[in-house]
Amino acid sequence: MAKLRKLKEFLIEKLIFASGIASVVFVALIFIFLLREGISVFKDTSLGSFIGGRFWYPISDPPKLGILPLILGSLLVTAGAVVIAVPLGISAAFYIADVAPAKLRNILKSCVEILSAVPSVVLGFLGITILVPFLKHFLKLPTGLTALAGSIMLAFMALPTIISISEDAINAVPREYKEGALALGATHWQTLHRVIIHGAMPGIFAASMLGIGRVFGETMAVMMVTGNAAVIPTSLLQPVRTLTATIAAEMGEAAKGSPHYFALFAIGIVLFVISFAINLTADLFLNKGRKR
Amino acid sequence: MKNESIKQKIGFGLLLAATLLVVIPVLFIIWLIISRGWSAISLEFLLTMPRDGMRAGGIFPAIVGTFCLVLTSIAFSLPIGVLAAIYLSEYAGDNILTRVINLAIINLSGVSSVVYGLFGLSLFVIFLKFGVSIISGALTLGIMTLPVIITTTREALRAVPKSYREVSLSLGATRWQTIRHSVLPSAISGILTGAILSIGRVAGETAPILFTVAAFYLPKLPHALSDQAMALPYHLYIVSTQIPNIPENYRYGTALVLVGLVLIMNIAAVIIRSKYRKKK
C-alpha cells in the first residue's frame, strides 16, 4: 500500500515536471515547425533579397518575394499606433493609479478591462463600419482604408496593456518617495511628475514595449482596415499591408509547397524573432524595476 | 504658490482628458454594438442555420463551433497549465531552468496570433495529419492560452500562506498530498479565474483558426473533433468583409453575440476574483 502510494507520488511529480517544461517545449516546437516549412524559401531567394526586396509579387512567374514593403508597412502602422497609445496610456495610468478617487478608479479600471477583452475581429468590424468611412469623409481621401486607420485601431488594442502594466509600476513605487516629496512641500502634481515617474520608469518602459509587441503582432483588425496594398508606404494616409495581414490574407490561396507558401512561413519566422526580441527586452526592464 | 496650484490643475486636467479619450470610445463601442445588434437577436437568429449565402437565417453552427473549440482547448490546456503552475510555485528552485521556463511563458504570450495559426497548420494539420479540424484548432488555441492559465494559477498558489504547507507537511503528509489537499483547494478561485479568462480569449480569437479549423460556410453541425466547423469570430470576419449586401443588423447581431459571450466570461472572472479577495 505504501509502495503503491510512493509510485503514484513519483508519477505525479514526473507529470508536474513535464508540464512545467511544456512551455519551453512548445516555444521550441513553434520555432522548429515554422522553420521546417519556411526554410525552403531560401533555396531560390537569398536572405538579403527576401528581407530587402522591394517587390512582393508572390504569384508572378518567377515570383518576386521581397518583404521590405510589408516590413515598412508594419513599422509605419506600429509607429503611428505608438505615437497615439504611449502618451495616452501613460497619462491614463497616472490618472487611474494616483489621481482618481477610489470609486471612479474602479469604474475606469473595468472599462480598460472591457477594452482588453473585446476580440480584435470585433474592433476590425467597427473599424470598417465606423472609422474608415469617417476618415474618408473627414480627411477627404479616396479611401479610408489607410495606415492611419490601422494605427488608430492598434492604438486601442495596445492601450489596455500599456495602462495596466504602467499602473502596476506606479503603484509599486515606494510610499516613502511620495510622502517624502509631499513633506518637503511639493504639490501632488510636482510629486507625480518629478518623483513618482522616475521610480516607475522601468515599468512604464516595459509596458510600452509590451504594447508595441501586441501591436506588431496584431492581425485581424489591421488586415480589415489598412487596405492591404503591398507597396512601400510613403504616408499614413495610404493603404498599406503589414507582415501579419499578408500571412492571414494569402495563406488560404497559396498552393502548398509553392515558393509563395514557403515565403509566408518565412514571414512567420521574422515575426517570431521580432516578438521574441521585444518580449525579452520588456522582461529585462520589468525585472530591473522590481529589483530596485 | 498660486502658480503651482494652477499648474497642478492643468496637469490633472490633461491626465483626465487622456483617460476620457480612452474610456469614452470603449463605452461608445459597447453601446453601438448593443443598440444596433439588439434587433437582430431572436431565437431564429441564435438557433437556425444561415440561409441565402449567409444574408439571412441564423448563426447556430458558428455558436456550436465556438463552443466545441472552447471545450476542447480548455480540456487540453487547463491540466497542463495548472500542473505547470504547481511546478513553478511548489517545486522549481531559483535556477537557470526556472528562468528559461519563465522566459518561454513570456514568449508564448507574446507570439503573434497569426504565427500560432501557421504553427497549427504546420504541426497539427500537416505533420500530424489531423487535417483542418476542430482538434487542430483547439490544440493551437490551447497552447496560445497556456500563459494566461499558468500565470493566474501561479499567482493564486503563491497567495496561499506558507503555514498551510508547513502544517500539512509536519503532520506527515507527502509533498503531493499537501498540494492536493491543502494548497489547491485554497487556490481554486484563482485557477477558475484563469480558466474563464482563457475561455474568453479562445472564443474571440480569429487568426489562429483561419487555417486550422474554420469553414467559410458549413450549414451543418460538427459531429466529431476531426470535422471542420464554423466559428463566431471567423463568421463575423466573413460577414463583415467577404459578403456584400448583408443587412447591417445581421452583422451587428453577430458581433453582439460574440462580444456578449466574451464579456460574460470576463465579468464572471471578475466576480469570482472579488469574492475571493473579500474572503481573504
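Residues numbered from 1 in each chain as written. Chains lettered and ligands numbered in written order. Predicted model: local features only at pLDDT ≥ 70, side-chain atom pairs only at ≥ 80, totals over all residues. Heavy atoms only, no water.

1. Digging into the overall build of chain B
Part 1: Looking only at helices and strands, one finds ten helices and two strands in chain B.
Part 2: Listed N to C, the secondary structure of chain B is α-α-β-β-α-α-α-α-α-α-α-α in terms of helices and strands.
Part 3: Taken along its principal axes, the extent of the C-alpha atoms in chain B is 70 × 70 × 35 Å.
Part 4: Per-residue burial over chain B gives 54% buried out of 280 residues.
Part 5: The long-range share in chain B, meaning contacts at least 24 apart out of those at least 6 apart in sequence, stands at 75%.
Part 6: Accessible surface computed for chain B: about 12400 Å², of which carbon and sulfur atoms make up 67%.
Part 7: Side chains of chain B carry 23 positive and 10 negative charges; the gap between the two charge centres is 6 Å. (Helix = DSSP H or I, 4+ residues; strand = E, 2+ residues; numbered from the N terminus. Buried < 20%, exposed > 50% of the residue type's maximum accessible area, 1.4 Å probe, protein only. Contact = heavy atoms within 4.5 Å. Areas by Shrake-Rupley, 256 points an atom, 1.4 Å probe, with all protein chains shown as cover. Lys, Arg positive; Asp, Glu negative; His and termini not counted. Charge placed at Lys NZ, Arg CZ, Asp CG, Glu CD.)

2. Looking at the overall build of chain A
Part 1: Check the secondary structure of chain A and you find twelve helices and two strands.
Part 2: Reported as C-alpha extents along the three principal axes, the dimensions of chain A are approximately 75 × 75 × 35 Å.
Part 3: Burial statistics for chain A: of 292 residues in total, 52% are counted as buried.
Part 4: Taking all contacts inside chain A whose residues are at least 6 apart in sequence as the whole, residues at least 24 apart take part in 72%.
Part 5: Accessible surface for chain A amounts to roughly 13300 Å². Of this, 68% is attributable to carbon and sulfur atoms.

3. Notes on the interface of chain B and chain A
Part 1: Between chain B and chain A, the residue contacts involve 78 residues of the former and 72 residues of the latter.
Part 2: Of the roughly 6600 Å² buried at the junction of chain B and chain A (both faces included), carbon and sulfur atoms supply 80%.
Part 3: The largest per-residue losses of area from chain B upon contact with chain A belong to B:Leu15, B:Asn107 and B:Leu118, which jointly make up 9% of the total buried on that side.
Part 4: Where chain B packs against chain A, one counts ten residue pairs in polar contact (both at pLDDT 80 or more).
Part 5: Looking at the side of chain B that touches chain A, the elements with two or more residues in it are α1 (2–37), α3 (60–91), α4 (96–110), α5 (113–127), α6 (134–158), α8 (175–204), α9 (232–241) and α10 (248–279) of chain B.
Part 6: Partitioning the side of chain B that touches chain A into residue classes produces 57 nonpolar, 15 polar and six charged. (Buried area = accessible area lost by both parts, 1.4 Å probe. Polar contact = N/O pair within 3.5 Å; in protein donor to acceptor, adjacent residues only side chain to side chain. Nonpolar A, V, L, I, M, F, W, Y, C, P; charged D, E, K, R; others polar.)

4. Describing the domain arrangement of chain B
All names here are of chain B.
Part 1: According to the domain assignment, chain B consists of domain 1 (2–39) and domain 2 (41–279).
Part 2: Each of domain 1 and domain 2 has a C-alpha centre, and the two are 31 Å apart.
Part 3: Taken together, the contact between domain 1 and domain 2 spans eight residues of the former and nine residues of the latter.
Part 4: Looking only at domain 1, the three residues that lose the most surface to domain 2 are Ile-33, Arg-36 and Gly-37, adding up to 58% of its buried area.
Part 5: Summed over the shared surface of domain 1 and domain 2, the result is one salt bridge.
Part 6: As a salt-bridge pair, Arg-36 and Glu-248 come within 3.9 Å of each other at their nearest N and O atoms.
Part 7: Seen at the junction of domain 1 and domain 2, the total is three residue pairs in polar contact (both at pLDDT 80 or more).
Part 8: In the side of domain 1 that touches domain 2, the residues fall into five nonpolar, two polar and one charged. (Domains from an automatic or database assignment. Salt bridge = Lys/Arg side-chain N within 4 Å of Asp/Glu carboxyl O.)

5. Describing the packing of helix α1 (residues 2–20) of chain A against α3(B)
Part 1: Orientation of α1(A) relative to α3(B), taken along the N-to-C sense of each, is 100°, at an axis distance of 7 Å. In terms of axis orientation, α1(A) runs roughly perpendicular to α3(B). From α1(A), A:Glu13, A:Leu15, A:Ile16, A:Phe17, A:Ser19 and A:Gly20 reach across to α3(B), where they touch B:Ile80, B:Leu83, B:Ala84, B:Ile86, B:Tyr87 and B:Tyr91.
Part 2: Counted by class, the contact of α1(A) with α3(B) contains nine nonpolar, two polar and one charged residues. (Axes fitted to C-alpha atoms, helices over the stretch in contact; angles between N-to-C directions. Parallel < 35°, antiparallel > 145°, perpendicular 65-115°, else oblique.)

6. Section: the pattern of salt bridges
Residue and element names in this part refer to chain A.
Part 1: Considering all chains together, one arrives at nine salt bridges over all chains under this definition.
Part 2: Two residues, Arg-36 and Glu-37, come together in a salt bridge whose shortest N-O distance is 3.2 Å.
Part 3: Exposure remark for Glu-37: the relative accessible area of 8% places this residue in the buried category.
Part 4: One salt bridge in this structure joins Glu-250 and Arg-241, with 2.3 Å as the shortest N-O distance. A single burial state applies to Glu-250 and to Arg-241, both of which are buried.

7. Comments concerning the confidence of the model for chain A
Part 1: Scored by pLDDT, chain A has a mean of 88; 98% of the residues are at 70 or more.
Part 2: Mean pLDDT values over the elements of chain A span from 83, in helix α3 (residues 47–52) of chain A, up to 94, in helix α2 (residues 22–38) of chain A. (pLDDT = per-residue confidence, 0-100.)

8. Section: the side chain of B:Ser198
All names here are of chain B.
Part 1: Summarising the element assignment, Ser-198 is placed in helix α8.
Part 2: At a separation of 2.9 Å, a polar atom in the side chain of Ser-198 contacts the main-chain carbonyl oxygen of Ala-195.
Part 3: Once you skip the residues sitting within four places of it in the chain, Ser-198 turns out to touch Ile-74, Thr-145, Val-148 and Ile-149.

9. Remarks on the confidence of the model for chain B
Part 1: In this model, chain B carries a mean pLDDT of 88, and residues with pLDDT of at least 70 account for 98%.
Part 2: Both scores are available for the predicted complex, with the pTM at 0.90 and the ipTM at 0.90.

10. Regarding the packing of aromatic side chains
All names here are of chain A.
Part 1: In the structure shown here, the tally under the stated rule is 18 aromatic pairs over all chains.
Part 2: Measuring from ring centre to ring centre gives 6.5 Å for Phe-272 and Phe-276, while their planes differ by 35°; the resulting arrangement is tilted. Placement of the pair is Phe-272 and Phe-276 together in helix α12 (residues 259–291), with a separation of four residues, close to one helical turn.
Part 3: Taking relative accessible area as the criterion, Phe-276 reaches 33% and is therefore assigned partly exposed.
Part 4: An aromatic cluster is present here, built from Phe-31, Phe-272 and Phe-276 joined pairwise through their rings.
Part 5: For Lys-64, the ring lying beneath its charged end belongs to Phe-55, and the centroid distance is 5.6 Å. (Phe/Tyr/Trp six-rings, centres within 6.5 Å; stacked < 30°, edge-to-face > 60°. Lys NZ or Arg CZ within 6 Å of the ring centre and 35° of its normal.)

11. Overview of the nonpolar core
Part 1: Residues A:Ile67, A:Val122, A:Leu243, A:Ile267 and B:Ile86 are the most contacted members of the largest nonpolar core, which totals 181 residues.
Part 2: Examining the composition of this core, we find that 15 residues originate from one element, helix α4 (residues 68–99) of chain A, more than from any other.
Part 3: Mapped onto the domain boundaries, this core takes at least three residues apiece from domain 1 (2–39) and domain 2 (41–279) of chain B.
Part 4: Residues in contact with A:Ile267, not counting those within four places in the same chain, are A:Phe50, A:Trp56, A:Ile67, A:Leu70, A:Leu243, A:Thr246 and A:Ile247. (Core = buried A, V, L, I, M, F, W, Y, C linked by side-chain atoms within 4.5 Å.)

12. Considerations on the packing of helix α7 (residues 147–171) of chain A against α1(B)
Part 1: Between α7(A) and α1(B), the shortest axis-to-axis distance is 12 Å and the interhelical angle comes to 125°. Put simply, α7(A) runs oblique to α1(B). Of the two possible hands of crossing, α7(A) and α1(B) adopt the one that is left-handed. Of α1(B), the residues touching α7(A) (which contributes A:Phe156, A:Leu159 and A:Ile163) are B:Leu21, B:Val22 and B:Pro25.
Part 2: Residues that form the contact of α7(A) with α1(B) fall into these classes: six nonpolar, no polar and no charged. (Left-handed = near helix turned anticlockwise from the far one by under 90°.)

13. Details of α7(A)
Residues and elements named next belong to chain A.
Part 1: The end-to-end C-alpha distance of α7 is 35 Å, a good match for the 36 Å that 25 residues give at a rise of 1.5 Å each.
Part 2: Of all bends in α7, the biggest is about 35°, found at Ala-158, and the proline Pro-160 comes one to four residues later.
Part 3: In terms of burial, α7 is a largely internal element, 21 of the 25 residues being buried. (Expected span 1.5 Å × (residues − 1). Bend = angle between axes of the 7 residues up to and from the residue.)

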